[in-house]
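# Report on the structure
Chain by chain, the residues run as shown.
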Amino acid sequence: MVDAPSAVEATTRPDWSRLVDAVQESGQYTTTKEAERITRIVLSALGGHVIGDERVELARRLPEEAARLIASQIPVTRPLTAPEFVDAVATRIENATPATARWDVSAVLSTLPALVGDDLTTRLLRQLPSGFALLFGKAELAPAV
């Protein structure tokens, strides 16, 4: 007897161009090339901060190219706070300031909930330090009672 595929497995992965187009629109980048560059940088940075089942699930729900960026990163030993994460991304972007890096990070991360679903986004945010929800375009999660 073969198990029926889960709802996630039954759906097709979004393609890379759909993700980059969403980032380009979100970040108001003038070229696809710029949106693609920012997408690669931010997803690479995120890859080290997502671990366990959520990392596997995130890679499964993203376009293959994005999944490789996430999966190829070595998990960090100390998760960065949201401001530290933005600062770390800023060091990877030529002429970035904290404000432009925050814009870039938000442009990429805020596109993810529509691609990966609110359930996974919530699980990712529970795993990440406080402050990341705003980067994903979400309200900050309240601690469990």
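Read on for an overview of the structure. These numbers were taken from a predicted model, which means no experiment stands behind them. (Residues numbered from 1 in each chain as written. Predicted model: local features only at pLDDT ≥ 70, side-chain atom pairs only at ≥ 80, totals over all residues. Heavy atoms only, no water.)

## Quick notes on the overall build of the chain
Assigned secondary structure in the chain consists of 10 helices and zero strands. Counted from the first residue to the last, the chain has its helices and strands arranged as α-α-α-α-α-α-α-α-α-α. Sorting the 145 residues of the chain into buried and exposed places 43% on the buried side. A fraction of 68% describes how many contacts in the chain between residues 6 or more apart in sequence connect residues 24 or more apart. Accessible area for the chain stands at about 8,200 Å²; split by element, carbon and sulfur atoms hold 55% of it. (Helix = DSSP H or I, 4+ residues; strand = E, 2+ residues; numbered from the N terminus. Buried < 20%, exposed > 50% of the residue type's maximum accessible area, 1.4 Å probe, protein only. Contact = heavy atoms within 4.5 Å. Areas by Shrake-Rupley, 256 points an atom, 1.4 Å probe, with all protein chains shown as cover.)

## Points about the packing of helix α3 (residues 32-47) against helix α6 (residues 82-92)
Two packed helices can be described by the angle between their axes and the distance between those axes. At their nearest, the axes of α3 and α6 sit 10 Å apart, and the two run at 135° to each other. With respect to each other, α3 and α6 are oriented oblique. Crossing hand, α3 versus α6: right-handed. Between α3 and α6, the contacting residues are I41, V42, S44, A45 and L46 on the first element and F85, V89 and R92 on the second. Grouping the constituent residues of the contact of α3 with α6 by class yields six nonpolar, one polar and one charged. (Axes fitted to C-alpha atoms, helices over the stretch in contact; angles between N-to-C directions. Parallel < 35°, antiparallel > 145°, perpendicular 65-115°, else oblique. Left-handed = near helix turned anticlockwise from the far one by under 90°. Nonpolar A, V, L, I, M, F, W, Y, C, P; charged D, E, K, R; others polar.)

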